[in-house]
Amino acid sequence: MTHSEPTPVAGRPVVLRGGTVLTMDDAGTVLTDADVLVVDDRIAAVGPALEVPEGTQEIDARGGIVMPGMIDTHRHMWQTAMRGYGADWTLTQYFVWYYLEHGRKFRPQDVAAGNRLSALEAIESGVTTTVDWSHGLQSVDHAEAAVSALRSVPGRFVLAYGNIQAAPWEWTADPAVRSFLERHRDAADGSLGLQLAFDVTGDPAFPEKAAFEVARELGLPVTTHAGVWGATNDDGIRLMHEHGFMTPETVYVHAASLSPDSYHRIAATGGSISVSTESEQSAGQGYPPTWQVRSHGIPVSLSMDTSVWWSGDLFSAMRTTLGADRSREHFEAHLKGDTVTHLALRSEDVVRWATRGGAAALGRDDLGSLEPGKKADVVLIRNDASPVSFPLLNPYGHVAFQAQRGDVHTVIVDGRVVKHAHALVGSDLAGVRREIEDTVQHLRSELGEEAWAAGMYPDLPDAEVLDNPYQYTDYKSEGTHAAREQVFEEHLRNER
Ligand SMILES: [Zn+2]
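Residues numbered from 1 in each chain as written. Predicted model: local features only at pLDDT ≥ 70, side-chain atom pairs only at ≥ 80, totals over all residues. Heavy atoms only, no water.

Colleague: Would you explain the overall build of the chain in this entry?
Modeller: Counting its regular elements, the chain contains 16 helices and 17 strands. The C-alpha atoms of the chain give 25 Å as radius of gyration, which agrees with the globular expectation for 496 residues (23 Å, within 12%). In terms of overall dimensions, the chain has a C-alpha envelope of 90 × 60 × 50 Å along the principal axes. Counting only residues that meet the buried cut, the chain has 54% of its 496 residues in that class. Looking at the chain, you have 41 positive and 69 negative side-chain charges, and the mean spots of the two groups are 3 Å apart. (Helix = DSSP H or I, 4+ residues; strand = E, 2+ residues; numbered from the N terminus. Rg over C-alpha atoms; globule rule 2.2 N^0.38 Å. Buried < 20%, exposed > 50% of the residue type's maximum accessible area, 1.4 Å probe, protein only. Lys, Arg positive; Asp, Glu negative; His and termini not counted. Charge placed at Lys NZ, Arg CZ, Asp CG, Glu CD.)

Colleague: Sorry, what's going on with the domain arrangement of the chain here?
Modeller: How big an interface is tends to be stated in terms of accessible area lost as the parts join. Domain assignment breaks the chain into domain 1 (11–68 + 379–427) and domain 2 (70–367). Carbon and sulfur atoms supply 62% of the area that domain 1 and domain 2 bury against each other, a total of about 2,400 Å² over both sides. Joining domain 1 to domain 2, the criterion identifies 5 salt bridges. The partner of glutamate 124 in a salt bridge is lysine 419, and the shortest N-O contact between them spans 3.1 Å. (Domains from an automatic or database assignment. Buried area = accessible area lost by both parts, 1.4 Å probe. Salt bridge = Lys/Arg side-chain N within 4 Å of Asp/Glu carboxyl O.)

Colleague: How should the side chain of glutamine 57 be read in this particular structure?
Modeller: Structurally, the position occupied by glutamine 57 is in strand β4 (residues 57–60). Residues in contact with glutamine 57, not counting those within four places in the same chain, are Thr7, Pro8, Val9, Arg12, Pro13, Val14 and Val15. (Contact = heavy atoms within 4.5 Å.)

Colleague: Any chance you could explain the environment of serine 369 here in plain terms?
Modeller: By the secondary structure assignment, serine 369 is in the loop between α12 (347–361) and β14 (378–381). C-alpha of serine 369 to C-alpha of serine 386: the two residues are 17 residues apart in sequence and 27 Å apart in space. In contact with serine 369, not counting residues within four places along its chain, are Thr23, Met24, Asp25, Pro68, Arg356 and Lys374. A distance of 3.1 Å separates the side chain of serine 369 from the side chain of lysine 374, its partner in a polar contact. (Polar contact = N/O pair within 3.5 Å; in protein donor to acceptor, adjacent residues only side chain to side chain.)

Colleague: Sorry, what's going on with the coordination of the zinc ion here?
Modeller: For a metal bound by four donors in a tetrahedral arrangement, the ideal donor-metal-donor angle is 109.5 degrees, while six donors in an octahedral arrangement ideally sit at 90 or 180 degrees. Coordination of the zinc ion by the protein involves His74 (NE2), His76 (NE2), His225 (NE2) and Asp305 (OD), with metal-donor separations of 2.0 to 2.6 Å. The site at the zinc ion holds 4 donor atoms, and with the angles between them running 80 to 174°, its shape is irregular. Considered as a linear motif, the donors of the zinc ion on their single chain read H-x1-H-x148-H-x79-D. Of this pair, histidine 74 sits in strand β6 (residues 70–75) while aspartate 305 sits in the loop between β13 (300–302) and α11 (314–335), and the two are 231 residues apart along the sequence. (Donors = N, O, S within 2.8 Å, 3.2 Å for Na, K, Ca; no water. Tetrahedral: all angles 85-135°; square planar, octahedral: opposite > 155°, others 65-115°.)

Next up, the structure:
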């Protein structure tokens, strides 16, 4: 047994031995009883019984699944500081809380605390690359804090710079923001990339044009919440298209309530859609769109959006995306009186979206698969103590429906082991906990107890219980069983 397997030390090659390897290469190659060799920051070899350099450290992958690190293309990492607070929110309640009322109360250190926790959460669950859709950057100090938090955690991140407290044409025109963007664009490397994050309201005057021009001038991709019911719509897509701002590196988040015309424009210009199924199911952006996006041939990546509501792992994203797509496929068929006998979306597809899909969305063809020469971002799913770990028959299905974050045994990012034997390696979780406690305390005292509670527990709408023709008796009312029987008998007599 390998419970005493030593934690690999940095700088030496690592081989994962004897696993079921989902390479996620173009051919969809799956190898059983195979090894993955990591040398420096690269995948050196994949195959059975590999010969390895002297001094290579071994990780036992027998009984487990080895797959590429997962990629999340849209996560508001700063909001992890409020984990779970908005579990019962709609999008409207979210907008009011963050955009109109309390988002402004986040200090730079609060953004940093959320980012650091979110970054650890990501790598711990095998998400080796995360786009930080960072729209709480109300000052450059906030942005610097966000970046240094990301730099302090050994994962890959893309800072998608945004600011919900100002219009995109305002904050992108700020010379201090511009200088920040130029500096971090030039400093960007394989571990930290840069995008611009803003939304397009569909205002016919298209004021967002100036922000797109800044993005073009700086050579930065744009990520935008598109097709969000009540917020962004087809007009925004059309304006972007008519002005030539829809490019292959553009990422459309949600894209859940768009018409076929908008999907055609996205498909024709080569962009991709970041689907956040857990989010779309609760918040109300629109029905999770993969069931129709598939028919337009638009590339898909997965994301989890925000931990203020949902889970931060892509196992949940894969599972809910399969479920939502299949629900819709059955539902649409039933409306026509048909029966779906063969499902169109397979578990392999969602695993691909969670890996290669994310890599393609970010223009990173060095990520997303286990092939020699690719960057060594590797996940081992193996949990010998779990009855869910066997039998391992359909590895894609196992990843999508059986596995969960607690089953992630080892995570390697850029050739460095950042999680081993189910524990983060060299991460100061206690320090992050103190930072988060400080942030929560700050926000709670800023809001006051009443607003704090009201934000967490939104009012329930008036619920009307429909008249029910089968309710002969009120079974909930007081009275004996015999009395109810009598009422029922009387009812039957009256019916006759
Ligand atoms: Zn979002």
